[in-house]
Amino acid sequence: MFIIFATKSLNDGTAGFRFNVMGQKGLTRKRKHKHINWGIKHDDCMTAIHMGKRSVYFEHKATPRKLRHFAG
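Procedures and definitions
Residues numbered from 1 in each chain as written. Predicted model: local features only at pLDDT ≥ 70, side-chain atom pairs only at ≥ 80, totals over all residues. Heavy atoms only, no water. Helix = DSSP H or I, 4+ residues; strand = E, 2+ residues; numbered from the N terminus. Contact = heavy atoms within 4.5 Å. Pairing = 2+ DSSP bridges. Buried < 20%, exposed > 50% of the residue type's maximum accessible area, 1.4 Å probe, protein only. Phe/Tyr/Trp six-rings, centres within 6.5 Å; stacked < 30°, edge-to-face > 60°. Polar contact = N/O pair within 3.5 Å; in protein donor to acceptor, adjacent residues only side chain to side chain.

**What about the overall build of the protein chain?**
Then, number 1: In terms of regular secondary structure, the protein chain is built from 0 helices and 6 strands.
Then, number 2: Ordered by position in the sequence, the α and β elements of the protein chain form the string β-β-β-β-β-β.
Then, number 3: The long-range share in the protein chain, meaning contacts at least 24 apart out of those at least 6 apart in sequence, stands at 31%.

**Looking at the pairing of strand 3 (residues 24–30)**
Then, number 1: Bridge count for strand 2 (residues 15–21) against strand 3 is 7 bridges, and the pairing is antiparallel. Residue pairing for strand 3: Arg18 is matched across the bridge by Leu27.
Then, number 2: Counting the residues between successive antiparallel strands, the hairpin from strand 2 to strand 3 contains 2 residues, one of them, Met22, with a positive phi of roughly 50°.
Then, number 3: Pairing analysis gives 5 bridges linking strand 3 to strand 6 (residues 54–59), with the strands arranged antiparallel. Across the sheet, Leu27 pairs through a bridge with Tyr57, a residue of strand 6.

**Brief notes about the environment of Lys53**
Then, number 1: If you trace the backbone, Lys53 turns up in the loop between strand 5 (46–52) and strand 6.
Then, number 2: Look at Lys53 and you get partly exposed, because its relative accessible area is 29%.
Then, number 3: Distance from Lys53 to Lys32, taken between C-alpha atoms, is 7.5 Å for residues 21 residues apart in sequence.

**Comments concerning the packing of aromatic side chains**
Then, number 1: Applying the stated criterion to the full structure yields 1 aromatic pair.
Then, number 2: Taking the centre distance of 5.8 Å and the plane angle of 70° together, the rings of Phe19 and Phe58 count as edge-to-face. Here Phe19, found in strand 2, pairs with Phe58, found in strand 6; they are 39 residues apart in sequence, far enough to count as distant.
Then, number 3: You can call Phe19 buried: its relative accessible area is 9%.

**So, the side chain of Asn20**
Then, number 1: With respect to the element layout, Asn20 can be found in strand 2.
Then, number 2: Within the structure, Asn20 has its side chain in polar contact with the backbone nitrogen of Gly23 (distance 3.2 Å).

Dropping the structure here:
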């Protein structure tokens, strides 16, 4: 079955959720503290976009560590 948009809450108690949008997996988090980040960071497995207290992480297509059954 093909799911266009699926979300699932994070299980570590933080404000955010995991997502799967047309096969693109990732997660988003909101910080509680006043430490504010801005910018884009590229790692081996994910690309992180930091916008103030909100961070969005996108999984790369070919990665050594996959997010298995992440959100649908």
